[in-house]
Amino acid sequence: MFVELGEMKDEQSRKLTKGHHYFLNWFMLDFEAYKHHLKQLKIGKKLPDALYIEISHFKAVAPKPLLDLYWQIMERTGSDTPHNVIKLFKSHFKVSLLQI
């Protein structure tokens, strides 16, 4: 599942769009704060464009705003998509939940 934190209306944020993309604007975390919290994470596989973290490790060490973001995504989307890795994009306000 892929989540992009964008600018659609809240009623649209719950609708699945083509490619399993969700566009969400309800979370109170701006892109600058998101990037700041990403830099605090010292675990996972760091690539130039994203950070990959096994979900149980993410839940154990993520800064509270990122953890809150994860739980809000799960609650708002009603997602039961199996996943064991979270991909946090560095240059975009996006999150992917992956099954690897």
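Now for a look at the structure at hand. Computed from a predicted model, the values in this text were never measured in an experiment. (Residues numbered from 1 in each chain as written. Predicted model: local features only at pLDDT ≥ 70, side-chain atom pairs only at ≥ 80, totals over all residues. Heavy atoms only, no water.)

### Brief notes about the packing of helix 2 (residues 31-40) against helix 4 (residues 64-77)
Geometry of a packed helix pair, given as the angle between the helix axes and the separation of the axes.
Part 1 of the reasoning: In the contact formed by helix 2 and helix 4, the axes pass within 9 Å of each other and the chain directions differ by 110°. The angle between helix 2 and helix 4 places the two elements in the roughly perpendicular class. Two secondary-structure elements touch here, helix 2 through Tyr34, His37 and Leu38 and helix 4 through Pro65, Leu66 and Leu69.
Part 2 of the reasoning: Split by residue class, the contact of helix 2 with helix 4 holds five nonpolar, one polar and no charged. (Axes fitted to C-alpha atoms, helices over the stretch in contact; angles between N-to-C directions. Helix = DSSP H or I, 4+ residues; strand = E, 2+ residues; numbered from the N terminus. Parallel < 35°, antiparallel > 145°, perpendicular 65-115°, else oblique. Contact = heavy atoms within 4.5 Å. Nonpolar A, V, L, I, M, F, W, Y, C, P; charged D, E, K, R; others polar.)

### Some thoughts on the pairing of strand 4 (residues 50-54)
Part 1 of the reasoning: Bridge analysis of strand 3 (residues 45-46) against strand 4 gives two bridges, and the strand direction is antiparallel. Bridging from a neighbouring strand, Lys46 pairs with Leu51 of strand 4.
Part 2 of the reasoning: The hairpin formed by strand 3 and strand 4 contains three residues between the paired strands.
Part 3 of the reasoning: Judged from the five bridges that link them, strand 4 and strand 5 (residues 85-89) form a sheet pairing that is antiparallel. Counterpart to Leu51 in the pairing with strand 5 is Leu88. (Pairing = 2+ DSSP bridges.)

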